[in-house]
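Coordinates in review
Chain residues, written in single-letter form:
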Amino acid sequence: MDRIVQSYMDSFLVSQQIEEKDKCRQFEMFASYCAVEKHYTDTYSISDIITSEGDDCGIDAIAIIINGTMITSEDEVDDLIELNKTLSEISFIFIQAKTSSNFDYGDMGTFGAGVRDFFSEHPQMKRNASIEEKSQVVEYIFSKATYIKKNPSCYLYYITTGKWVDDKNCTARMDIAKKDLFDLNIFEEVKYIPVGADLLQKLYRNTIDVVETEINFENKIFLPEIDNVTQSILGFIDYYEYLKLITGENGEIRRSVFYDNVRDYQGDNPVNHEISETVCSDPNKFVLFNNGVTVICKKLTSFRNKFTLTDYQIVNGCQTSHVLFNNRNAITEGLQIPIKLIETEDDETVNQIIKATNRQTQVSDEQLIALNEFHRKLEAFYATFPVTNRLYYERRSKQYSYVRDIEKVRIVSIAMQIKSVASMFYDKPHLASRYYGKLLSSIDGIFSDDHQLLPYYTSAYTLYRLDYLFRNKTLPSQYRKFRYYILMMLKYSLTDEKIPEMNARKMNKLCESILQAANDNVKLAEEVNKVTPFIDKYVEDITSNESTKSASLVENLRSEFPSWNRGRKERLQF
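The sections below set out a description of the structure shown in this document. Bear in mind that the values here come from a model prediction, so they are computed numbers and not experimental data. (Residues numbered from 1 in each chain as written. Predicted model: local features only at pLDDT ≥ 70, side-chain atom pairs only at ≥ 80, totals over all residues. Heavy atoms only, no water.)

1. Observations regarding the overall build of the protein
Across its full length, the protein holds 22 helices and 13 strands. Taken over the C-alpha atoms alone, the protein extends approximately 75 × 60 × 50 Å along its principal axes. In the protein, of all internal contacts separated by at least 6 residues, the share reaching a separation of at least 24 is 73%. In the form shown here, the protein has an accessible surface area of approximately 25700 Å², with 47% of it arising from carbon and sulfur atoms. The average position of the 69 basic charges and that of the 84 acidic charges among the side chains of the protein differ by 2 Å. (Helix = DSSP H or I, 4+ residues; strand = E, 2+ residues; numbered from the N terminus. Contact = heavy atoms within 4.5 Å. Areas by Shrake-Rupley, 256 points an atom, 1.4 Å probe, with all protein chains shown as cover. Lys, Arg positive; Asp, Glu negative; His and termini not counted. Charge placed at Lys NZ, Arg CZ, Asp CG, Glu CD.)

Structure, rendered in structure tokens:
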């Protein structure tokens, strides 16, 4: 392994707080992270994609991404269908990582065969639990075929520390693997990507570098001075210039620039279909029919007609952008895109722009939740903790992604916050596998202005500490899928009193007790080991994912704790 890759891998291990000693395992996690980040740059746990534990079919990691969301359960598929009425832009990503300095065509063939067997209706290879779980999710996705408007894409990444030289034998094995997968007639495209040391270095740099793009912007006017806005420009640009903003170096759509857009791509719905017809059949009129796109950037520099956008987000125009990208091979010259460029670092101004530019479309509460004042307070509250206990509340997507000295596992997304606090303080761990918008709608009063802030931090911090213990094998891995139930049980096990309300000052005292345990690895492991036998008591098959969705399991587990029973008696008396 060359020194640069080793250095990058060491940096990754620190940022993820991984203490794995096995070099091969380290490289599998590092390489998988780099590959998946090309397709999904939101916060996620590396443990959710790693599958290499023996009987892995030659597959080290699998990521399933639908509508820009990483899918880990069947429930999330149902929630996306309910939210979007369609499953669009489905991607399956497979990774095989080898620390060897060469590309072995035999191993490359085995990897391809393993992926082919993964999608087989009658698989032949022996599968471990992780592979089987992923397979069940994929089968469930295909069972919802009526909601799939476009066949999925399949990506195979074979990663080594060597140099890729277009070896004929290796290329032949890749071609065979692609053909075998195409012959299944379920994929729109199949890509087999060989990754050597040079490309691997580039992939990792892309995960830590700020997005920056230069465009030619001739037809423009500068708007008058506006409070809290450094500069703003209105005009229209050529389609091929706009394509630079939304296309990555890999030729695929750059999903990370749409994270501040409140709506995911909705697929080929009637409105998007009309846009598609216009750009293909009458492109000159597009500039008249379309409201345009709004781009906000942290820094905007120019020289004559050349503009460089740094750390930018397309806050309105996600649907238009995806339609333009999807029709890139059919679009002819003459297409102009209406556009607003705004340079500002003022959060309130950004919020106002997002709300104003999205009034034309129906937007759900969960899509606008990041703009609420409560989350601004919560972000500031997180920042009050000492460095050793610091977490970073990611009120706005990607806001900490490019800060080099922040460990990525310390970043708490809104979705993670909802799942942790819902599990620990609202006793809904059985819903934690759902899409966060669905979970949010099931909880009355969450994020209320009169709530204490400490329980929100406490739930996220305890989950962070649990993930650390599971990731580094201090806790038995079979209980990881029950970590949200463990959050709930820790709350009950660490007090004999009735659980206070979220707005009560007594809640802070309980949180302090939980944090005291969470801050000590030995103490936390002891507390977890006290409550996990209750899981064994009530769960017949601990390997089944279905057991994590049971409301009755919540009731059974709570009944084991005096604090729950005391509160229950008081509620019944009332």
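2. Examining helix H15 (residues 414-425)
Given a rise of 1.5 Å per residue, 12 residues ought to cover 16 Å, and the 16 Å separating the end C-alpha atoms of H15 matches this to within 8%. Burial of H15 is extensive: 10 of the 12 residues sit out of reach of the surface. Taken residue by residue, H15 has Ile-414, Gln-417, Ile-418, Lys-419, Ser-420, Val-421, Ala-422, Ser-423, Met-424 and Phe-425 as its buried positions. Within two residues after H15, Asp-427 carries a phi angle of roughly 55°, on the positive side. (Expected span 1.5 Å × (residues − 1). Buried < 20%, exposed > 50% of the residue type's maximum accessible area, 1.4 Å probe, protein only.)

3. Here's the deal with the sheet that holds strand E1 (residues 61-66)
If you walk across this open sheet you meet the 5 strands as E2-E1-E3-E4-E5, and the pairing is mixed. What marks the edges here is a single partner per strand, and that holds for strand E2 (69-70) and strand E5 (189-195). Pairing between E1 and E2: 2 bridges, direction antiparallel. Residue pairing in the sheet places Ile-65 in a bridge with Met-70 of E2. Across the sheet, helix H5 (residues 129-143) lies against E1 and strand E3 (90-97), angled at about 25° from E1, the strand it touches most. (Pairing = 2+ DSSP bridges. Axes fitted to C-alpha atoms, helices over the stretch in contact; angles between N-to-C directions.)

4. Section: the nonpolar core
Within the largest apolar cluster, 102 residues are counted, with the highest numbers of intra-cluster contacts made by Phe-94, Phe-119, Phe-425 and Ile-486. Among the elements that make up this core, the one with the highest residue count is helix H17 (residues 454-471) (11 residues). Setting aside anything within four residues of it in sequence, one finds Ile-486 in contact with Leu-466, Phe-470, Tyr-479, Val-528, Val-531, Thr-532 and Ile-535. Core analysis: the next-biggest nonpolar cluster, separate from the first, contains 37 residues, Val-5, Phe-30, Ile-93 and Tyr-204 among them. (Core = buried A, V, L, I, M, F, W, Y, C linked by side-chain atoms within 4.5 Å.)

5. A word on the packing of helix H9 (residues 270-281) against helix H11 (residues 318-326)
Two numbers describe how H9 lies on H11: the axes approach to 10 Å, and their chain directions differ by 45°. If you check the angle between H9 and H11, you find them oblique. For the crossing formed where H9 meets H11, the hand is right-handed. The segment H9 lies against H11, with Asn-272, Ile-275, Ser-276 and Val-279 engaging Gln-319, Thr-320, Val-323 and Leu-324. By residue class, the composition of the contact of H9 with H11 is 4 nonpolar, 4 polar and no charged. (Parallel < 35°, antiparallel > 145°, perpendicular 65-115°, else oblique. Left-handed = near helix turned anticlockwise from the far one by under 90°. Nonpolar A, V, L, I, M, F, W, Y, C, P; charged D, E, K, R; others polar.)

6. Structural notes on the sheet that holds strand E9 (residues 293-303)
Reading across the sheet, the 6 strands line up as E6-E10-E9-E11-E8-E7 and stay open at both edges, with mixed pairing between neighbours. Of all the strands in the sheet, just strand E6 (212-216) and strand E7 (219-222) have a single pairing partner and so form its edges. The sheet shows a mean angle of 35° between the axes of neighbouring strands, taken without regard to direction. Bridging between E9 and strand E11 (residues 336-343) involves 5 bridges; their strand directions are parallel. Looking across to E11, one finds that Val-293 is bridged to Ile-339.

7. Remarks on the side chain of Thr-320
Among the secondary structure elements, Thr-320 is positioned in helix H11. The exposure class of Thr-320 is buried, given its relative accessible area of 7%. Not counting chain neighbours up to four residues away, the residues in contact with Thr-320 comprise Ile-275, Phe-286, Asn-290 and Val-293.

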